[in-house]
Amino acid sequence: MAEVTLDEIVALCKRRGFIFPASEIYGGFRNTYDYGHYGVLLKNNVKNQWWRSMLQERDDIVALDSAIIQNPKVWEASGHLAGFTDPLVQCLGECKRRFREDDLREEQLGDENAEGEIRCPVCGGELSEPRRFNLMFETFVGPVQDESNKAYLRPETAQGIFINFKNVLSFARKKPPFGIAQIGKSFRNEITPGNFIFRTLEFEQMEMEYFVPPPEAGKWHEYWMEQRLAWYTDLGIRPDMLRLRAHGADELSHYSSATSDVEYDFPMGWSELEGIANRGDFDLTQHAKFSGEKLEYVDSGSGERYVPYVIEPAAGVDRAMLSFIIDAYDTEEVEGRQRTVLRLHPRLAPVKAAVLPLVNKDGQPEKAREIYEQLRELMSAEFDTGGSIGKRYRRQDEIGTPWGITVDHQTMDDDTVTLRDRDSLEQVRIPASELADELSRRLKEPWTSPKMGAPA
Ligand code: GAP
């Protein structure tokens, strides 16, 4: 099995309508992307699986959907106005481009904190002294564009959770440990966006803030590291492509006393998928100070009051999706022909079943459509009559459809169909009336990648 390059992933995503460069007819725009039909379906499945693990499979977490544009004081209190910055250097030579100093130190000296000379990677020119650059996008609310109307697009969803702590406590009847989960768009004016959808200016986050009694913070931090790693492997990522990496003291964000990243072995090397941080009582204390509201938990029985500590698993939807696509990408030779296949976990696959008439006559399209209309009540399905059966299967393989159902001349006699498995290519014949039960059963089964154990 071949190692996949990012270029191959980008090409597949474009070819099969997962992801397109944004503003493409105008030449694109700074590494931004639009999601097409299958991209939307896959992304929704990633988010649904996260919600499932946070809400449906437990009873200590509630959901929230907070505003993107909040009162600017939120970002003062959170420390983002003062501290959410990257070190920016500009080329003083020919090209005048701008770069993140820490990235260049990592690339040229092996460590983002290493001392020593760095040069412009494009033209070799000298670089300016670094200056701090705030990553928040600014906007103005109302018709007058002055300081008093300045607001920010949120750079993380987390703060929307902290500022709603009191609201949630008052209706949810929860006591620590309990969590508040949110999925939504965040925005960062990244100096060097890149690596396809890995780092972009706008992206979706899946964040959960888990409020715990302070003495239990260490235990819950360990717990969430395990849970989050298992989420990726349960959804088919090969365990040897994942690792947990604890941040060194010099890497920690201003709010964190300990953070570990879940990293994936992307084509560009090990990189962060998700951070799991112990934020202590930093955020609730800051918002209490800036807002004047008491943000603490009061036990109605004992009267005990305290500010909970927070354990935060913070994942990126787009990055998770990229890792699922990369891990699933495979090519192989079948009967002398090359096939590309996305071996996605069936629960993530954009389309679960494709119903294909073998030929476009003899009542087969009508029969196939009838089966498709029954199946789509249960799961995302497609009906496809265009092109040879081989071509239709290649298309379904490339979008990761786990099951293909072919209606042929025998179907018209005995109402059976062939059921093809994307990974093993095994075909079984079953009565059409049993399809719904069979596919529902298969969807619930645990699944491991057929690429497991093979070189990445
Ligand atoms: N609330 C904590 C927080 O936002 P983070 O590590 O800055 O932590 C969490 O972000 C996750 O959001 C990252 O692990 C990554 O998956 C995703 N993410 C962050 N910046 C991103 C960007 N520019 N493009 C795509 N995803 C990004």
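Refer to the structure above for everything that follows.
Residues numbered from 1 in each chain as written. Predicted model: local features only at pLDDT ≥ 70, side-chain atom pairs only at ≥ 80, totals over all residues. Heavy atoms only, no water.

Undergrad: Mind showing me how you'd approach the overall build of the chain here?
TA: If you tally the helices and strands in the chain, you get 14 helices and 23 strands. Relative to the globule expectation of 23 Å for 456 residues, the C-alpha radius of gyration of the chain, 25 Å, shows essentially globular dimensions. Viewed in the frame of its principal axes, the chain has a C-alpha envelope of about 75 × 70 × 50 Å. In the chain, which comprises 456 residues, the share counted as buried stands at 51%. Restricting the contact set of the chain to residue pairs at least 6 apart, pairs at least 24 apart contribute 66%. On the chain, the mean spot of the 56 positive side-chain charges and the mean spot of the 77 negative ones are 3 Å from each other. (Helix = DSSP H or I, 4+ residues; strand = E, 2+ residues; numbered from the N terminus. Rg over C-alpha atoms; globule rule 2.2 N^0.38 Å. Buried < 20%, exposed > 50% of the residue type's maximum accessible area, 1.4 Å probe, protein only. Contact = heavy atoms within 4.5 Å. Lys, Arg positive; Asp, Glu negative; His and termini not counted. Charge placed at Lys NZ, Arg CZ, Asp CG, Glu CD.)

Undergrad: What is the right way to read helix 14 (residues 435-444) from this model?
TA: An α-helix turns once per 3.6 residues; consequently, residues spaced three or four apart project the same way. For helix 14, every residue scored as buried is listed here: Leu435, Glu438, Leu439, Arg442 and Leu443. Down the axis, helix 14 shows its buried residues gathered within 135° of arc, on one side only. In helix 14, the exposed residues that point more than 90 degrees away from the buried face are Asp437 and Lys444. For helix 14, the elements touching its buried residues are strand 19 (353-357), helix 11 (364-375), strand 21 (403-407), strand 22 (416-421) and strand 23 (427-431). (Arc of directions from axis to C-beta.)

Undergrad: Please clarify how a negative patch on the surface should be interpreted in this entry.
TA: A cluster of acidic side chains, namely Glu106, Glu107, Asp111 and Asp250, defines a negative patch on the protein surface. Judged by its relative accessible area of 43%, Glu106 is partly exposed. (Patch = residues over 30% accessible without salt bridge, like charges linked within 9 Å, V, L, I, M, F, W, Y side chains within 5 Å. Areas by Shrake-Rupley, 256 points an atom, 1.4 Å probe, with all protein chains shown as cover. Salt bridge = Lys/Arg side-chain N within 4 Å of Asp/Glu carboxyl O.)

Undergrad: Got a minute to help me understand the environment of Leu348 in this structure?
TA: Structurally, Leu348 is set in the loop between strand 18 (337-342) and strand 19. The spatial distance from the C-alpha of Leu348 to the C-alpha of Val46 is 6.3 Å, given a sequence separation of 302 residues. Not counting residues up to four positions away in its chain, the partners in contact with Leu348 are Leu42, Asn45, Val46, Gln49, Leu235 and Phe324.

Undergrad: Help me out: how do you make sense of the packing of aromatic side chains in this one?
TA: Each aromatic ring pair is characterised by the separation of its centres together with the angle its planes make. Under the definition given, this model contains 18 aromatic pairs. Aromatic side chains Tyr210 and Trp224 sit 5.3 Å apart centroid to centroid with 70° between the ring planes, which places their arrangement in the edge-to-face category. Pair noted here: Tyr210 is in strand 10 (residues 202-212) and Trp224 is in helix 8 (residues 217-234), with a separation of 14 residues, a long-range link. Assessed through its relative accessible area of 1%, Tyr210 is described here as buried. Under the relative-accessibility criterion, Trp224 is labelled buried at 2%. The rings of Phe162, Phe165, Phe178 and Phe211 are connected pair by pair, giving a single aromatic cluster. Taking the ring centre of Tyr255 as reference, the NZ or CZ of Arg279 above it sits at 3.5 Å. Its end group placed over the ring of Tyr393, Arg420 keeps NZ or CZ at 4.1 Å from the ring centre. (Phe/Tyr/Trp six-rings, centres within 6.5 Å; stacked < 30°, edge-to-face > 60°. Lys NZ or Arg CZ within 6 Å of the ring centre and 35° of its normal.)

Undergrad: Can you walk me through helix 11 in this structure?
TA: Between its first and last C-alpha, helix 11 extends 16 Å over twelve residues, near the 16 Å set by a 1.5 Å rise per residue. Those residues of helix 11 lying buried are Gln364, Pro365, Lys367, Ala368, Ile371, Tyr372 and Leu375. Each buried residue of helix 11 sits inside an arc of 160° when the element is viewed along its axis, so together they form one side. In this structure, helix 11 carries Glu366 and Gln374 as exposed residues pointing more than 90 degrees from its buried face. The inward-facing, buried residues of helix 11 abut strand 19, strand 20 (381-383), strand 21, helix 13 (409-414), strand 22 and helix 14. (Expected span 1.5 Å × (residues − 1).)

Undergrad: Quick question: what am I supposed to make of the sheet that holds strand 4 (residues 85-90) here?
TA: One key point about sheets: their strands pair by backbone hydrogen bonds, in either a parallel or an antiparallel sense. One open sheet holds the three strands; their spatial order is 5-4-6, and the pairing between them is antiparallel. Looking at strand neighbours, the two that pair on one side only are strand 5 (98-100) and strand 6 (131-134), the edges of this open sheet. Averaged over all pairs of adjacent strands, the angle between strand axes in this sheet comes to 50°, irrespective of strand direction. Two elements, strand 4 and strand 5, share three bridges in a ladder whose sense is antiparallel. Paired with Gln90 across the strands is Arg98, a residue of strand 5. Of the strands in this sheet, strand 4 and strand 5 touch helix 5 (residues 101-109), which is tilted by about 70° from strand 5. (Pairing = 2+ DSSP bridges. Axes fitted to C-alpha atoms, helices over the stretch in contact; angles between N-to-C directions.)

Undergrad: What am I meant to see in the sheet that holds strand 22 here?
TA: Strand order in the open sheet formed by five strands is 20-19-21-22-23, with mixed pairing between adjacent strands. Strand pairing shows two members of the sheet lacking a second neighbour, strand 20 and strand 23, which therefore form its edges. Sheet twist, expressed as the average angle between the axes of neighbouring strands with direction ignored, equals 25°. Across four bridges, strand 21 lies against strand 22 in antiparallel orientation. Across the sheet, Trp403 pairs through a bridge with Asp421, a residue of strand 22. Against the sheet, helix 12 (residues 389-399) contacts strand 19, strand 20, strand 21 and strand 22, and its axis sits at roughly 170° relative to strand 19.

Undergrad: Even after reading the chapter, I still don't get empty space enclosed by the protein, so can you show me in this structure?
TA: Space left empty within the atom packing is revealed by a probe, the size of a water molecule, rolled over the atoms. Counted according to the given criterion, the structure contains one cavity of 30 Å³ or more. Of the voids in this model, the largest cavity is the one considered here, and its volume is about 60 Å³. Contributing to the lining of the largest cavity are Leu235, Gly236, Ile237, Phe324, Asp327, Ala328, Arg343, Leu344, His345, Leu348, Trp447 and Ser449. Its residues placed into classes, the lining of the largest cavity shows seven nonpolar, three polar and two charged. (1 Å grid on protein atoms, 1.4 Å probe; cavity = no way out; pocket = protein on both sides within 12 Å on 5 of 7 lines; lining within 4 Å. Points joined across faces, edges and corners; volume = space filled by probe spheres on them. Nonpolar A, V, L, I, M, F, W, Y, C, P; charged D, E, K, R; others polar.)

Undergrad: Any chance you could explain the site of the ligand here in plain terms?
TA: Neighbouring the ligand are 21 residues, the closest being Glu156, Arg188, Glu190, Glu207 and Glu272. Between the ligand and the protein, one listed contact pairs a nitrogen atom with a side-chain N or O atom of Glu190 at 2.7 Å. Relative to its unbound accessible surface of 550 Å², the ligand loses 92% to contact with the protein. Mapped by element, the contributors of at least two residues to the shell around the ligand are strand 10, strand 13 (269-280) and strand 16 (309-316). With five residues, strand 13 is the largest single contributor of residues to the shell around the ligand. (Near = heavy atom within 4 Å. Polar contact = N/O pair within 3.5 Å; in protein donor to acceptor, adjacent residues only side chain to side chain.)

Undergrad: Just to check I follow, could you spell out unusual backbone geometry for this structure?
TA: What you tend to see is this: most non-glycine residues have negative phi, and most peptide bonds are trans. Following Pro176, the chain continues to Pro177 via a peptide bond in cis, the omega torsion being 5°. Within the secondary structure, Pro177 sits in the loop between helix 7 (165-172) and strand 9 (178-187). One non-glycine residue, Ser23, adopts positive backbone phi at about 50°. Position of Ser23 among the secondary structure elements: in the loop between strand 1 (19-21) and strand 2 (33-35). By relative accessible area, Ser23 is classed as partly exposed at 36%. Phi angles above zero are rare outside glycine, and Arg30 is one such case at about 45°.

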